[in-house]
There are 4 protein chains.
Amino acid sequence: MNSHRKLRMGMIGGGEGSFIGGVHRIAAFLDGQIELVCGAFNKDAAKSKKSGHDLFLPEHRVYSDYDEMLKSEAQLNEEERMDFVAIVTPNVAHYDPAIKALNLGFPVIIDKPLAFTLEEAVSLKAKVEETGLPFGVTYTYSAYPMIKQARAMVKKGALGKIHKVLVEYPQGWLTQKVEDTGQKQAAWRTNPDEAGISNCFGDIGTHAAHLAEYVSGLKITEVLSEIRPTMSGRLLDDDANVLLHFENGANGVLMASQVANGEENNLKIRVFGDQGGLEWKQEDLNSLLVRDHGNPDKIYRTGTDRGGYLTEEAMLHTRTPSGHPEGYLEAFANIYRNYALAVRKHKFGEAYDEEKLDFPTVDDGVKGMALVKAVVSSTAKGNQWVSTSS
Amino acid sequence: MNSHRKLRMGMIGGGEGSFIGGVHRIAAFLDGQIELVCGAFNKDAAKSKKSGHDLFLPEHRVYSDYDEMLKSEAQLNEEERMDFVAIVTPNVAHYDPAIKALNLGFPVIIDKPLAFTLEEAVSLKAKVEETGLPFGVTYTYSAYPMIKQARAMVKKGALGKIHKVLVEYPQGWLTQKVEDTGQKQAAWRTNPDEAGISNCFGDIGTHAAHLAEYVSGLKITEVLSEIRPTMSGRLLDDDANVLLHFENGANGVLMASQVANGEENNLKIRVFGDQGGLEWKQEDLNSLLVRDHGNPDKIYRTGTDRGGYLTEEAMLHTRTPSGHPEGYLEAFANIYRNYALAVRKHKFGEAYDEEKLDFPTVDDGVKGMALVKAVVSSTAKGNQWVSTSS
Amino acid sequence: MNSHRKLRMGMIGGGEGSFIGGVHRIAAFLDGQIELVCGAFNKDAAKSKKSGHDLFLPEHRVYSDYDEMLKSEAQLNEEERMDFVAIVTPNVAHYDPAIKALNLGFPVIIDKPLAFTLEEAVSLKAKVEETGLPFGVTYTYSAYPMIKQARAMVKKGALGKIHKVLVEYPQGWLTQKVEDTGQKQAAWRTNPDEAGISNCFGDIGTHAAHLAEYVSGLKITEVLSEIRPTMSGRLLDDDANVLLHFENGANGVLMASQVANGEENNLKIRVFGDQGGLEWKQEDLNSLLVRDHGNPDKIYRTGTDRGGYLTEEAMLHTRTPSGHPEGYLEAFANIYRNYALAVRKHKFGEAYDEEKLDFPTVDDGVKGMALVKAVVSSTAKGNQWVSTSS
Amino acid sequence: MNSHRKLRMGMIGGGEGSFIGGVHRIAAFLDGQIELVCGAFNKDAAKSKKSGHDLFLPEHRVYSDYDEMLKSEAQLNEEERMDFVAIVTPNVAHYDPAIKALNLGFPVIIDKPLAFTLEEAVSLKAKVEETGLPFGVTYTYSAYPMIKQARAMVKKGALGKIHKVLVEYPQGWLTQKVEDTGQKQAAWRTNPDEAGISNCFGDIGTHAAHLAEYVSGLKITEVLSEIRPTMSGRLLDDDANVLLHFENGANGVLMASQVANGEENNLKIRVFGDQGGLEWKQEDLNSLLVRDHGNPDKIYRTGTDRGGYLTEEAMLHTRTPSGHPEGYLEAFANIYRNYALAVRKHKFGEAYDEEKLDFPTVDDGVKGMALVKAVVSSTAKGNQWVSTSS
């Protein structure tokens, strides 16, 4: 078996009009380690064909039916068959292709949230454990170099005992009811049939929660939420204010909103411990502010020349020298790069530093779904504390 | 009666070692409209004398007993007597001198929180109404030029209907138990006998709440809080996470902390409406960010040359041209300037634009005390919603 | 002689319509150490009278003729006479009142530039040396706490050997020909009869140059300039690009402009040495960025609680705790405070730490005038290097 | 001829240890429109082979001798042959492979500066004109979305007549003599035999100059420079201060340094016109500040959802929605994307909007070389004005 080759990726969803499909492809291509070999980009055959054509795929490996794609690929010989599949459909269409791919032996990388319901998520996790296949979930923001740095510093105890975590994810794009204007993204996200029990918290609140746990190294054990559709006529939440309890007694606040008019996407996290605090925000993603009351604030900066003070965890996720700003796509590519290492290990037995080259897995996906359920439940119960393990 | 003269101020508290006493004096002196004529700076006669001496006061107008000072001043003739008294003692020692001053006919300006208990506050309010005397409470942050601008813009409807308010006041100075090291400020603030039922929320949470109401023009009707002493051995809260309900249906989050390690004092407010959003933070106090999703963000800036686009409310609270940064002391001085106008009106009948040259009054003080009580009560009840009018 | 009293200040110029007159008064009043006792605010008697009245001065100490004021004050007895005089007239009217005040034994504090010509400046310096009177020149920007910190750090060698200094002072207010609209400030500054041989460089370039020398501790020895009136019809420069040579072989660039459309007043300095670099800008005046290539950047911050890491020089010029932003007026007040100490020492023999509580003197004023001459000369000679000692 | 395929790229230079080689590959791969098919990565055969292997190239298309590669590729049939070649060797090794590639009919994309001497550059230009082949030079910074926006706005007259341009490119990495420690990048750049007549100005000053001309739309006609090796023992400049004259009478300053200790790579440009000013800096690359004195500053922001106010020029160079930060690699990819369009047009006749999808060409390369020569000459002549067309 020839292992000296790019990994071959198939894709389900992500055709024309999909924002995230294109992002996944750039992330996969960026390092020259992965090539796209097949896709079921759209249920509409003509549209899927068009996408496949634009992506230079041979016609016979472009499908409208992902079931057909998975079966066909499974029958190809090893030298041609895709190595893993990226699933970038809306939430509601995650479970079925994922479970089928796993059943056919294909590793999966999937957009978050993992599934439509917690039950689906749990079922997927069982399947992943059963099959032992690499399974990635693209909680992108955990893959920024400075987030790797932050996590590593907290882990090493640089901040002492953590007692407070503040995380926020403000957006403003749903302040107006753009779903009524035919905006595709807005339409499915605000539709319970496609988005599930939550829009805002499910979409961006889960990113914020994942980041909070990832950086602090602490599990969120309880939530008390007020989520709601702010704009009249909307069925799902477009705004969420959530109090958090963490396993070690730390507390915190998670704020996520799609009606924070004028805000773009400025995910921000602050972690406070008895020995120090840190702050990171996506708008200035290549900086990490580290501080304590008695000393000058320090700004840690991304860069391949920053090995003198950055942790190995950060350095392994950095591509350019200091002052050559990295961005969102590079973080996304970090997930694909690490996921590809897991696939190579699974397939070719190539070892690598799994702890430092980590990526979000099905466990993160399940935790995210459990959190959505708990947050929705807390509000339904009149803003009471709800356990995230319920 | 000669009205063409500086106003004469007396001061209770604010001797050596008091941070806020010096601030009040600078604020009073800055515009050259007020002079200090007497003081009871400390209960310790020697210390009070020392402070009076340093402030160039004649010995006979320096007291250790404020009661004595108030009575003595009341007996002086009109051409010598103080016109108003500034009370800058700790919370626990607010009520008595204030009520006595009012009873003797002296207008009062007092640091926040207004009193030690809500009952005291309500009693003070009744006395103010009975006497009709000008009464100011130094919620400083409402007096920044860009806060005046923000409030005026919201009032005019520039943001449309407000649906969300985020306000935070993070400090880190109590992360370590500095009260055990003899730090005077920390000692009294963390001591229930001196600070009352709340430390963190009472001290800085109330500033944040006042700002939220001032800018949004909306009353906070309900709170759901989690406040607590984070550091072990502390009796009062040093941290507060509070969900807010406003009168018009808007909601929000108020976060105040003294254990946000590394944070200084970066009070920040964001207000979101269906037509726009705004953001202001004390670290960049001369800027106001105004935005909505469809247009470039706009930065409004302080400056006496900004009359072309700033509101009259902002211009009336600005002293320097654009790019000559104003600071905290100037905001404090704005309160003294406006309060002095009220005293002059009361005393000399000089009219002025009371609406645009406003300052926080006993009503704000009472609201602050009611809020502290509601916030403490919410946590005591297991993080339930509590009405602020209870 | 009673020395336990406020210092008594007289003022020449600074009546209604003067921006800088009000600034000087606030700066003088802010700390409660100085009182205004007399003034010749305007050559127009009615206007001067009006200003004096607004400032609560007794009529008999308000003058229209500064000559008369100086003579009258000189004849008052010690318990009434002004202790020093602040001169805040346009450049053209600096020399005469200053020399007369000195001749009558009055210490002088004066706005920059020191005089109308270098010759006047040199003559004033001789008079100051002859009389031994305290003489201050308000190069304000050197009095910010973080500038004190920067200078002290450079002096201690924290940056190693300095090899490059970049300083800029961009303004945009003269992009349009506002002098044609009757704007008073613009009118005199662009008029050679009132402003002298330079407008932009004389007004703000000298501030930048002073700051460069003050922070670096290095004298500018040569300049190569291109200054010019950018807007047609203007006689004096409104823009200046200047290459700098410093005494130790360091070089640098000074850029000052009044036609940098949209810029406010963001004076900025960067100093680079072989062991480190620093950056400060007025828009974020309470921060000082200190860095070198191998370590995280550090942000030093103003605050009375920053004694743990700030130098004594910085701490002595700080009034509020960290996070309570100081501004331009406080920097200006620092100059008045230190100047007042010099007057007290001269008058009452009170010693103080003259090195750490410094203020710009007649020497700085002369250097500024020499620099203006050299810069104008360099451009006149076709952009050649010109010595600043010529 | 099958035109529905990825373009096939060959690469000369860029093997292990080369920073820029990896950047070119990421830039080429990112959009999935280009594949690498051959390379002469290193003169050392083993090293080149290793690089080719790591890049999954077949052994027979990996060379140590670029001459051999070019000839071999030229002999391949159309369905296999590379479509263009990327040259990423040090300056000294640009001309020969470029001219040979052109002679064999291969389009070239090359790193800047274009060549080792102006003469080589002029010769290359002649060859490009003779052959009519697409020729790109990677002045990366001109390809940021907000730079496209800035240029388009200036072109449309949004700033009025431009009178001043400030551009700076500060780095600190050569403050210490890292070339003595074996740092490869530092070694060749500071070596006249490899870098040519200039190090700092040639490397980064040319980037700054290109950006100044690109955004302002104005040609630099004259320069007056002071460049020098700051650190003792260095032969080439590591620092440059340059005064600029532009064709329309505007002037400006260009500052580039490698000894600005602590600075990373914060390329910054400001353009001032009589109707407005703009500011952009690489550290905040997704924002463009647009302002004039009479109105609030505006912040234009990158984003695929910003079509409401961004120009088409900006939108065509944007990949992610607002708030999903783009970075340096995406700008580089923009150049490859546009260059690929030119190759496709040349090869397949596919038309596209050449004006809006522009990239730096051999003309820019020649201008850059002429500028280096003029800057070096100006300093040699004692800091005199030198024409850039000389």
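Residues numbered from 1 in each chain as written. Chains lettered and ligands numbered in written order. Predicted model: local features only at pLDDT ≥ 70, side-chain atom pairs only at ≥ 80, totals over all residues.

1. Remarks on the overall build of chain A
Which entries qualify depends on this criterion: The helix and strand labels rest on DSSP assignments: H or I over at least four residues marks a helix, E over at least two residues marks a strand, and numbering proceeds from the N terminus. We take the radius of gyration over the C-alpha atoms and set the globule estimate at 2.2 Å times the residue count to the 0.38 power. Field definition: a residue is buried when 20 or more other C-beta atoms are found within 10 Å of its C-beta, exposed when 12 or fewer are, and partly exposed for counts in between, with C-beta atoms placed from the backbone. By the convention adopted here, residues are in contact when the distance between their C-beta atoms, placed from the backbone, does not exceed 7 Å.
Counting secondary structure elements, chain A contains twelve helices and 14 strands. Radius of gyration (C-alpha) of chain A: 21 Å, near the 21 Å computed for a compact globule of 390 residues. The principal-axis extents of the C-alpha atoms in chain A amount to approximately 65 × 55 × 40 Å. Residue burial in chain A is summarised as follows: out of 390 residues, 62% are buried. Taking contacts inside chain A between residues at least 6 apart in sequence as the whole, the part at least 24 apart equals 69%.

2. Focus: the interface of chain C and chain D
We count it as follows: Polar here means any residue outside two lists: the nonpolar Ala, Val, Leu, Ile, Met, Phe, Trp, Tyr, Cys and Pro, and the charged Asp, Glu, Lys and Arg; Gly therefore counts as polar.
Taken residue by residue, the interface counts 32 residues in chain C and 32 residues in chain D. Examining the composition of the side of chain C that touches chain D, we find that four residues originate from one element, strand 9 (residues 251–257) of chain C, more than from any other. Of the residues in the side of chain C that touches chain D, the class split is ten nonpolar, 14 polar and eight charged.

3. A word on the pairing of strand 8 (residues 239–246) of chain D
Residues and elements named next belong to chain D. For clarity, the cut-off: For two strands to count as paired, DSSP must find a minimum of two bridges between them.
Burial within strand 8 is extensive, with eight of its eight residues counted as buried. Where strand 7 (residues 220–228) and strand 8 come together, eight bridges link them in antiparallel fashion. Residue pairing for strand 8: I227 is matched across the bridge by A240. Across seven bridges, the pairing between strand 8 and strand 9 (residues 251–257) is antiparallel. Looking across to strand 9, one finds that H245 is bridged to N251. Hairpin remark: strand 8 followed by strand 9, antiparallel, with four residues in the connecting loop; positive phi at G249, about 100°.

4. Description of the domain arrangement of chain A
Residue and element names in this part refer to chain A. Definition in use: Here the bounds of each domain stem from an automatic or database domain assignment.
Per the domain assignment, the segments making up chain A are domain 1 (7–141 + 337–361) and domain 2 (142–322 + 366–387). Here domain 1 and domain 2 have C-alpha centroids that lie 25 Å from each other. Listed as interface residues are 21 residues of domain 1 and, on the opposing side, 25 residues of domain 2. Counting residues per element, the side of domain 1 that touches domain 2 draws most heavily on helix 5 (residues 118–131), which supplies four residues. When grouped by side-chain class, the residues that make up the side of domain 1 that touches domain 2 number 14 nonpolar, four polar and three charged.

5. Let's talk about the relation of the copies chain C and chain D
Basically, it comes down to this: Superposing the copies works by least squares over the C-alpha atoms of residues that have pLDDT at least 70 in both of them.
Taken as rigid bodies, chain C and chain D are interconverted by a rotation of 180° and an axial shift of 0.0 Å, the fit giving an RMSD of 0.0 Å. Both copies are brought into coincidence by an operation consistent with a two-fold rotation axis. Taking C-alpha positions as reference, the residue of chain C nearest the rotation axis is C:Q384, located at 3.8 Å.

6. Details of the confidence of the model for chain A
The cut-off we apply is this: Known as pLDDT, the predictor's per-residue confidence is scaled from 0 to 100.
For chain A, per-residue confidence averages 96 on the pLDDT scale, and residues scoring 70 or more make up 99% of the total. Confidence estimates for the predicted assembly give a pTM of 0.97 and an ipTM of 0.96.

7. Comments concerning unusual backbone geometry
Across the junction of B:K112 and B:P113, the peptide omega takes the value -10°, indicating a cis bond. If you trace the backbone, B:P113 turns up in the loop between strand 4 (108–110) and helix 5 (118–131). Despite not being glycine, C:N383 has its phi angle at roughly 65°, a positive value. Summarising the element assignment, C:N383 is placed in the loop between helix 12 (362–380) and strand 14 (386–387).

8. Thoughts on the nonpolar core
Our working definition: Residues of type Ala, Val, Leu, Ile, Met, Phe, Trp, Tyr and Cys that are buried and joined through C-beta atoms within 7 Å form what is called a nonpolar core.
Ranked by size, the top nonpolar core spans 500 residues in total, and within it A:V108, B:V108, C:V108 and D:V108 carry the most contacts. Ignoring sequence-local partners within four residues, the contact set of D:V108 consists of D:F84, D:V85, D:I87, D:A98, D:A101, D:L102 and D:F135.

9. Here's the deal with the relation of the copies chain A and chain B
Superposing chain A onto chain B takes a rotation of 180° plus a shift of 0.0 Å along the axis, which leaves an RMSD of 0.0 Å. Here 100% of the interface residues in chain A have copies in chain B that are interface residues too; the copies meet face to matching face.

10. A look at the interface of chain A and chain B
How large an interface is tends to be reported as the accessible area lost when its parts come together. In this complex, chain A contributes 32 residues to the contact, which on the side of chain B involves 32 residues. Looking at the side of chain A that touches chain B, the elements with two or more residues in it are strand 6 (162–170), strand 7 (220–228), strand 8 (239–246), strand 9 (251–257) and strand 10 (268–273) of chain A. A total of four residues in the side of chain A that touches chain B trace back to one element, the largest contributor, which is strand 9 of chain A. The residue makeup of the side of chain A that touches chain B, split by class, is ten nonpolar, 14 polar and eight charged.

11. A word on helix 1 (residues 19–29) of chain D
Helical geometry note: an α-helix holds 3.6 residues per turn, so side chains three or four residues apart project in the same direction. Most of helix 1 of chain D is tucked away: nine of the eleven residues are buried. Where the residues of helix 1 of chain D are buried, they touch helix 1 (19–29) of chain A together with strand 1 (7–12), strand 2 (34–40), strand 3 (84–87) and helix 11 (328–348) of chain D.

12. Focus: the sheet that holds strand 2 (residues 34–40) of chain B
Residues and elements named next belong to chain B. Applicable threshold: To obtain each axis, a line is fitted to C-alpha atoms, and for helices this fit is confined to the stretch in contact; angles are then taken between N-to-C directions over 0 to 180 degrees.
On the basis of which strands lie adjacent, the open sheet formed by five strands has the order 2-1-3-4-5 and parallel pairing. For this open sheet the edge positions go to strand 2 and strand 5 (135–137), each flanked by a neighbour on one side alone. The average angle at which neighbouring strand axes cross in this sheet is 20°, direction not considered. With three bridges connecting them, strand 4 and strand 5 associate as parallel partners. Residue I110 lies in a different strand from strand 5, and its bridge partner there is V137.

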